[in-house]
Amino acid sequence: MTLDFTGRVAIVTGAGGGLGREHALELAKRGAKVVVNDLGAARDGSGGSGFAAEAVVQEIRNAGGDAIASAASVTDFAAVEDMISTTIRTWGRVDILINNAGILRDKSFAKMELDDFRTVMEVHLMGAVHCCKAVWPVMTEQKYGRIVMTTSSSGLFGNFGQSNYGAAKMALVGLMQTLSLEGAKYDIRVNSLAPTAATRMTEALFPPEFLQALQPADVVPAMLVLTCEHAPTRQILCAGAGGFEAAHICLTQGIWLPQAENTAEQLAQRLPDVQDRTQSVVPESGLAQGQLELGKAFNSRK
Ligand SMILES: NC(=O)c1ccc[n+]([C@@H]2O[C@H](COP(=O)([O-])OP(=O)(O)OC[C@H]3O[C@@H](n4cnc5c(N)ncnc54)[C@H](O)[C@@H]3O)[C@@H](O)[C@H]2O)c1
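The present account deals with the structure reproduced in this document. For clarity, every value in this text was computed on a predicted model and none was experimentally measured.

Turning our eyes to something else, we now look at the nonpolar core. Membership of the largest hydrophobic core comes to 41 residues, with the highest contact counts inside it found for Ile11, Ile84, Leu97, Val135, Ile147 and Met149. Secondary structure elements with two or more residues in this core: β1 (9–12), α3 (77–91), α4 (114–142), β5 (145–150), α6 (163–183), β6 (188–195) and β7 (236–240). The dominant element in this core, judged by the number of residues it contributes, is α4, at 11 residues. When near neighbours in sequence (up to four residues on either side) are disregarded, Met149 contacts Asn99, Ala128, Cys132, Leu172, Leu175, Met176, Leu179, Val190, Asn191, Ser192 and Leu193. Ala32, Val57, Ile60 and Val219 belong to the second-largest nonpolar core, a separate cluster that totals 30 residues.

In structure tokens form, the structure reads like this:
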């Protein structure tokens, strides 16, 4: 089975380097027309130049592909709307959106300035919100869309010094959960990708032999599977160094306490039963929690 993207139009944000560049190159190689978006910012989000995006566009064109550059900051909704309008004027549709642009401002929470928290939220979360909001009417109208949120193990599982980044990355999973439900009837499928790769973001984290093993290109198959015609929806795929995993947000079966026993002391005692993951489920929507709880309450009356 070949995953073919001929005729598809893809927007990859933050595609001037690192993972985004690999996503853009591979989508173009497989026939997609690609908008290479990048502000050309430093790792902490400072500065900016359209040069990084232009260079990747040139690479794609040199290889015979079709691409245009956008230096829009994903934090600027008007600029994002312009990018979508230009895409529609040029190619008439947008099939794929990869929300990949990102920055880091790591510090322990005690030392973190609120400004660093807000800026990281602004780029990762609001940047993705802006891009989704701008493509949503296009995708609903054409009844087709594939959106990827680039999340992170820092958000899913936590990482010292990354409270701002982790909060933003987990917020993207929340955005995915609802957009995948709202997009379903328009065949808009929304997924999350948690990569591990050697880029300027991680170069100080790993020793050289690990960096050598963590080629950004090794993450690309996960992006392709999440954006192809037969993509799943509401999945969190993890990828790095050739390894692939799925992360799930589960709900345990838990317990039910009758009113007379519904005390903090009882709950504290039964906490291991509440936490027991045997028979846990991955709910299809937030409604499942209330249904499970009401089910237990009503079943107890029978
Ligand atoms: N490298 C990893 O191991 C790893 C792990 C988890 C998540 N991620 C995520 O993957 C994505 C890509 O990161 P990377 O590792 O390739 O790092 P990177 O720094 O090479 O790529 C990020 C790109 O985003 C661009 N960018 C920053 N702010 C922007 C803005 N406001 N508008 C448009 N573009 C902007 C930067 O110029 C840069 O080219 C990020 O979202 C990152 O958080 C990476």
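Picking up after the structure, the text goes on.
The next subject is the sheet that holds β6. Spatially, the eight strands line up as an open sheet ordered β3-β2-β1-β4-β5-β6-β7-β8, and their pairing is mixed. This sheet does not close on itself; its edge strands, each paired only once, are β3 (66–70) and β8 (243–247). Taking each pair of neighbouring strands and ignoring which way they run, the sheet shows an average axis angle of 20°. Direction of pairing for strand β4 (residues 96–99) relative to β5: parallel, over a ladder of four bridges. The partner of Leu97 across the bridge, within β5, is Ile147.

Moving on to the site of the ligand. Close to the ligand lie 29 residues; Asp38, Asn100, Tyr165, Thr199 and Arg200 are nearest. At 3.1 Å, a backbone N or O of Ala41 approaches an oxygen atom of the ligand. Val74 places a main-chain nitrogen or oxygen 3.0 Å from a nitrogen atom of the ligand. Considered on its own, the ligand offers 810 Å² of accessible surface; in the complex 96% of this is hidden by protein.

Here is what the cut-offs are and how they apply
- Residues numbered from 1 in each chain as written.
- Predicted model: local features only at pLDDT ≥ 70, side-chain atom pairs only at ≥ 80, totals over all residues.
- Heavy atoms only, no water.
- Core = buried A, V, L, I, M, F, W, Y, C linked by side-chain atoms within 4.5 Å.
- Buried < 20%, exposed > 50% of the residue type's maximum accessible area, 1.4 Å probe, protein only.
- Helix = DSSP H or I, 4+ residues; strand = E, 2+ residues; numbered from the N terminus.
- Contact = heavy atoms within 4.5 Å.
- Pairing = 2+ DSSP bridges.
- Axes fitted to C-alpha atoms, helices over the stretch in contact; angles between N-to-C directions.
- Near = heavy atom within 4 Å.
- Polar contact = N/O pair within 3.5 Å; in protein donor to acceptor, adjacent residues only side chain to side chain.
- Areas by Shrake-Rupley, 256 points an atom, 1.4 Å probe, with all protein chains shown as cover.

Geometry only, nothing functional implied.
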